[in-house]
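An overview of the molecular structure
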Amino acid sequence: MELLFTIRVALRAIMRNKLRSLLTVLGVVIGVCAVITMVNIGSGAQISIEKAISGLGTNMLIVIPGSMTKGGMRTGFGTVTTLIDEDAQAIRDECPTVQLVSPVVSTAAQVVFQNQNWGTSIMGTDPEFQRIKNWSLARGEFFTMQDVKAATKVCVLGKSVAEKLFGTQNPVGQIVRVKRIPFRVIGLLTEKGQTTFGQDQDDTVVIPYTTAQKRLMGITYLSMIMASAVSNERIPDAQDQITTLLRQRHHIPKGEDDDFTVRNLADLTATFTIITGILTLLLGSIASISLVVGGIGIMNIMLVSVTERTREIGIRMSVGAKPGDILLQFLLEAVLLSLIGGGVGIVLGIGLTSIIAYFADWPTPISFVAILVSSLFAAVVGIFFGLYPARKASRMNPIEALRYE
Amino acid sequence: MNSFIRADELHKIYSLDGHAEVYALRGVSLTVSQGEFVAIMGPSGSGKSTFMNLIGCLDTPTRGTLSIEGTEVSSLSPNQLAEIRNKKIGFVFQNFNLLPRTSALENVELPLIYNRVPAAQRRQRSAQALERVGLKERMNNLSNQLSGGEQQRVAIARAMVNNPALILADEPTGNLDTTTSIEIMNIVKELNEASGITIILVTHEQDIAKYAKRQVHFRDGNIIRDE
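Residues numbered from 1 in each chain as written. Chains lettered and ligands numbered in written order. Predicted model: local features only at pLDDT ≥ 70, side-chain atom pairs only at ≥ 80, totals over all residues.

1. A few points about the overall build of chain B
Counting its secondary structure elements, chain B contains 7 helices and 10 strands. For chain B, the C-alpha radius of gyration of 17 Å lies close to 17 Å, the compact-globule estimate for 227 residues. Principal-axis analysis of the C-alpha atoms places the extent of chain B at approximately 50 × 40 × 40 Å. Within chain B, buried positions represent 47% of all 227 residues. When contacts within chain B are restricted to residue pairs at least 6 apart in sequence, long-range pairs at least 24 apart make up 69% of them. (Helix = DSSP H or I, 4+ residues; strand = E, 2+ residues; numbered from the N terminus. Rg over C-alpha atoms; globule rule 2.2 N^0.38 Å. Buried ≥ 20, exposed ≤ 12 C-beta atoms within 10 Å, placed from the backbone. Contact = placed C-beta atoms within 7 Å.)

2. Focus on unusual backbone geometry
Residues and elements named next belong to chain B. At C57, a position not held by glycine, the phi torsion is positive, near 60°. Its location among the elements puts C57 in the loop between α1 (48–55) and β4 (63–68). Despite not being glycine, F96 has its phi angle at roughly 65°, a positive value. Summarising the element assignment, F96 is placed in the loop between β6 (89–92) and α3 (104–114).

3. Remarks on the interface of chain B and chain A
Contact with chain B, which involves 19 residues of that partner, is made by 17 residues of chain A. Only α2 (78–88) and α3 of chain B provide two or more residues apiece to the side of chain B that touches chain A. The element contributing the most residues to the side of chain B that touches chain A is α2(B), with 6 residues. Of the residues belonging to the side of chain B that touches chain A, the class tally is 9 nonpolar, 5 polar and 5 charged. (Nonpolar A, V, L, I, M, F, W, Y, C, P; charged D, E, K, R; others polar.)

4. Examining helix α7 (residues 209–217) of chain A
Residues and elements named next belong to chain A. Regarding α7, the residues found buried are Y209, T211, A212 and Q213. Looking at the packing, one finds that the buried side of α7 touches β4 (98–113), β5 (116–125), α5 (145–150) and β10 (204–208). Following α7 by one or two positions, G218 has its phi on the positive side, about 65°.

5. Comments concerning the sheet that holds strand β5 (residues 71–72) of chain B
Residue and element names in this part refer to chain B. Strand order across the open sheet formed by 4 strands is β2-β1-β4-β5, with antiparallel pairing between neighbours. Looking at which strands have only one partner, the edges of the open sheet turn out to be β2 (20–33) and β5. The pairing of strand β1 (residues 3–16) with β4 spans 5 bridges and is classified as antiparallel. By the bridge assignment, I5 is partnered in β4 with I68. (Pairing = 2+ DSSP bridges.)

6. Overview of the pairing of strand β1 (residues 60–65) of chain A
All names here are of chain A. Where β1 and strand β11 (residues 224–229) come together, 4 bridges link them in antiparallel fashion. By the bridge assignment for β11, M60 is matched with S228. Judged from the 5 bridges that link them, β1 and strand β12 (residues 260–264) form a sheet pairing that is antiparallel. Within β12, the position partnered with L61 by the bridge is N264.

7. What about the pairing of strand β8 (residues 175–178) of chain A?
Successive side chains on a regular strand alternate, one facing one side of the sheet and the next facing the other. All names here are of chain A. Taking every second residue as pointing to the same face, the buried face of β8 carries V176 and V178, while none of I175 and R177 on the other face is buried. Across 2 bridges, the pairing between β4 and β8 is antiparallel. Residue pairing across strands places V112 opposite R177, the latter belonging to β8. In this structure, β8 lies alongside strand β9 (residues 181–189), joined through 4 bridges in antiparallel fashion. Directly across from I175, in β9, lies its bridge partner R184. Where β8 hands over to β9, the hairpin turn is made up of 2 residues, of which K179 adopts a positive phi near 50°.

8. Comments concerning the domain arrangement of chain A
Interface size is often expressed as the accessible area that is lost when the parts come together. Each domain of chain A was delimited in the assignment, giving domain 1 (3–52 + 271–403) and domain 2 (60–264). For domain 1 of chain A and domain 2 of chain A, the distance between their C-alpha centres works out to 57 Å. (Domains from an automatic or database assignment.)

9. Let's talk about the sheet that holds strand β3 (residues 37–41) of chain B
Residue and element names in this part refer to chain B. Judged by pairing direction, the sheet is mixed, and its 6 strands sit side by side in the order β6-β7-β8-β3-β9-β10 without closing on themselves. A strand with exactly one partner marks an edge of an open sheet, and here the two such strands are β6 and β10 (222–226). Sheet twist, expressed as the average angle between the axes of neighbouring strands with direction ignored, equals 20°. As defined by bridge partners, β3 adjoins strand β9 (residues 214–219) across 4 bridges and the pair is classed as parallel. Of the residues in β9, the one forming a bridge with M41 is H217. Packing of helix α5 (residues 148–160) onto the sheet brings it into contact with β6 and β7 (166–170), and relative to β6 it is tilted by some 170°. (Axes fitted to C-alpha atoms, helices over the stretch in contact; angles between N-to-C directions.)

In structure tokens, the structure reads:
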């Protein structure tokens, strides 16, 4: 029997019992819809986490002075003063996989404007900081290399600080005092929000690092060096190059611990990617169970249908239908049912994803893999659960089938 | 003699629940020539229906041999039996056995579908067959919208559409009134005489059996009279 004709016959059989077919298909509809929605929500979550992490900086590496071993005693991180400006310059000049470098000194201080004051973190750095952190300005401008060289007393305010000191007033051009030293506000950073860990990134004042070293803190070392790799893939290379260079510069003999640590955010991203991947898989598998349940529903109805149509099977056999013809007819009916269910489920799943994404304000990548896999799965469910009833139909004895009332 | 059907010592034993055995046929031998019109008669339980099922290739004998048009059918596979049913045999049943909620035309097309006849040809041949039984105008009616006589005529059209060598009619008039029965039997007779199709008719009505040229009587799984 031609396949197209058989499909038509199967479709007619499905349409003959519209309500029953609808209810039968519902299981698969819900199953496929759930799989697609879960997978899409999972990947939406993954993307929004990745975005949050990349908001911390692009391909960022952080070099912090580490512990130092002296006579068997090992001091904690950040307690040593070995990381200096020249290290930052060397990384910039000698590490080809490093794109941007910016030295950072940080301290905490009280910032005063007229009768307002606010305790915040003071970050001394250079203009590349802005590019590493992907941080644009809402007003004014960032300080320049000249400011760094001359250690000028200028500052750029984070949004939270500006709100505490100035309210809605424009801070650019005003003078604030840090440790009784007047700083001219030349820029206002855009809002960056909290980090994934709840730290307010906008609660900061950014000044040239030279100014911070000489005028505020009276030191010559750095708190850390921020750097960015040329690409995401080159982060490990950049990490290695920095490590090799700094060991050399700090004259650390082979076998001794580093007196610094190079950290990267890629590890963090990778961890989160694994976690969300596991979650997606988990949700997807739970949703798949409903697809299997839907398949059982199809099997159930196909068994009823085979019994109901025993007479029809007998008639078909008496005019020369081979067991294979009968098998194909009922199998195709089951597969069509589950494919129709799959199709409706895909449409519903995409719709549901879009609605959830709209309200959760998430990116909504429609996963074509999920669509492909779930339609394939729907077809497999149809074949698997349709095979038994179809086999039952094809193995009927024609005489008994014809006599069936 | 050109033996179209040759049954030799056919036995059919049904086992019920694996214990009791029912001997439906106890060694039936019969030859039918091409173009014959045979009535098979006998009370219920005489084995005539079992014999029909065997000749109709719906079942295989427990013992004995049966050949139709020279093909030995007693040991064929279900697929091979289906092919013989499709190409050589047409069935007419007491209860018509049409597909419900399906048009007369599509019912007639059914054997052609399983014979893989292309759609256009299928349609044309089915319409011709329906015209021959006088149902041309009603070919698009659904089978359950037709009267009993009309339904049986559709069944006859279906039985002959594939140009079979043999038509098996199992109590074809059992559910019809006398006038309609005569109409149906005339069509059957015409098929036998004009197209030379061999007809085997099962009935217990003497009036209907009279249409046949030969009557075979069954009792208790044996042929008791052949005239």
